[in-house]
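Fold and geometry: a report
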Amino acid sequence: MVFWRLQGRTAQPLVAPEDLRRRATWATLGTTLLTMTGVFAVVNGLVASIAQNPAAGFGLGADLTALALLAPYALIGWLVGPFAGRLAPVLGYRTVLRVGLAGSVVATALLAVVGVHSFAVLVVATLLLGVTYAGIANIMLNGLGVLLSPADRPGMLPGLNAGAFNLGAGISFVVLPAVQVAVGGAGQTGVGGYTAGMLVGAACTAGAFALSLLIPRPAAAETGAAHDVVDAR
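Residues numbered from 1 in each chain as written. Predicted model: local features only at pLDDT ≥ 70, side-chain atom pairs only at ≥ 80, totals over all residues. Heavy atoms only, no water.

**Side note on the overall build of the protein chain**
Convention followed: The numbering of helices and of strands both runs from the N terminus, where a helix is a DSSP run of H or I of at least 4 residues and a strand a run of E of at least 2. The globule rule used for comparison is 2.2 Å times the number of residues to the exponent 0.38, while the radius of gyration itself is calculated over C-alpha atoms. Only protein chains enter the calculation, and the probe is 1.4 Å; a residue is then buried if its accessible area is under 20% of its type maximum, exposed if over 50%, and partly exposed in between. Contacts: residue pairs with any heavy atoms within 4.5 Å of one another. In this description, accessible areas are obtained by the Shrake-Rupley approach with a 1.4 Å probe, and a residue is regarded as covered only by the protein chains that are shown. Under the convention used here, Asp and Glu are negative, Lys and Arg are positive, and both His and the chain ends fall outside the count. Charged side chains are reduced to one point each, which is NZ for Lys, CZ for Arg, CG for Asp and CD for Glu.
Secondary structure summary: the protein chain contains eight helices and zero strands in total. Beginning at the N terminus, the succession of helices and strands in the protein chain can be written as α-α-α-α-α-α-α-α. Over its C-alpha trace the protein chain gives a radius of gyration of 19 Å, about what one expects of a compact globule, namely 17 Å for 233 residues. Reported as C-alpha extents along the three principal axes, the dimensions of the protein chain are approximately 60 × 45 × 30 Å. Out of the 233 residues belonging to the protein chain, those deemed buried represent 46%. For the protein chain, long-range pairs separated by at least 24 residues make up 74% of all intrachain contacts whose partners lie at least 6 apart in sequence. Summed over its atoms, the accessible surface of the protein chain is roughly 10,700 Å², and 70% of this surface lies on carbon and sulfur atoms. Charged side chains of the protein chain number 11 positive and 7 negative; the gap between the two group centres comes to 6 Å.

**Quick word on the packing of helix α3 (residues 23–52) against helix α5 (residues 93–115)**
Selection criterion: Note on geometry: axes are C-alpha line fits, over the in-contact stretch for helices, and angles between N-to-C directions span 0 to 180 degrees. Should the near helix be turned anticlockwise from the far one by less than a right angle, the crossing is termed left-handed; should it be turned clockwise, right-handed. Ten residues, namely Ala, Val, Leu, Ile, Met, Phe, Trp, Tyr, Cys and Pro, are considered nonpolar, four, namely Asp, Glu, Lys and Arg, are considered charged, and the remaining ones, Gly among them, are considered polar.
The N-to-C vectors of α3 and α5 enclose an angle of 35 degrees; their axes lie 12 Å apart at closest approach. The chirality of how α3 crosses α5 is left-handed. In contact with Thr31, Thr35, Val42 and Val47 of α3, α5 contributes Leu97, Leu101, Thr108 and Leu111. In the contact of α3 with α5, the residues fall into five nonpolar, three polar and no charged.

**Some remarks on the environment of alanine 88**
By the element assignment, alanine 88 lies in helix α4 (residues 62–91). Residues alanine 88 and isoleucine 136 lie 48 residues apart in sequence; the distance between their C-alpha atoms is 9.5 Å. Residue contacts for alanine 88: discarding those within four places in its chain leaves Tyr93, Val96, Met140 and Glu222.

**A few points about the packing of aromatic side chains**
Inclusion rule: In this scheme Phe, Tyr and Trp rings, the latter by its six-membered ring, pair at centre separations within 6.5 Å, and the angle between planes marks the pair as stacked below 30 degrees, edge-to-face above 60, and tilted otherwise.
In total, this model carries two aromatic pairs according to the counting rule given. Between phenylalanine 40 and phenylalanine 173, the ring centres sit 5.8 Å apart and the planes meet at 75 degrees, which makes this aromatic pair edge-to-face. With phenylalanine 40 in helix α3 and phenylalanine 173 in helix α7 (residues 156–184), the pair connects residues that are 133 residues apart, well separated along the chain. Exposure remark for phenylalanine 40: the relative accessible area of 29% places this residue in the partly exposed category.

Next up, the structure:
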């Protein structure tokens, strides 16, 4: 409340209250926050954990886990990202974002239901998440942060969006492993906790998909729409 009042009174606000009221601001930031909450700890926490768990998982070493799961996940996202960036102006940034979010929900659900029992499916579903999240959704969220910023304050939304990425990653590592431990118990000898944590992640990502429906269209950045006006309020 103090921040809101101070920002409304100063001539050079850090973040103007009228900018925070824009649909382009809160819808984009909310989508980023929920996406990171739903995905980040799934791969970097739960998948890595079950791969190394000798009782409930597959008993891999940390080096083999990184080589078989985490490095391919990151690399495939790096490879897919430029293609997603090329398609976005043609198909629409929001459309490509929703493809990535929907695919992330499917990949996370596949990890939760089948991947916890099969190492081959664990690898494939993690790669799929690398395509849909790291290569598509993540790129679109960063791009929308730039495209939907106010013309006179172009750094406002990218800055807040970076904070939403970081905050979502932190919340993800608070919530999803807590669900895993709460359901799986202290011994962690079964896969039920991992399944529950991943399903919560899938639900958060589904919430991000729903909230993305409210993100305004960056029409001027899309092919054939140079004369359209973004409705960002």
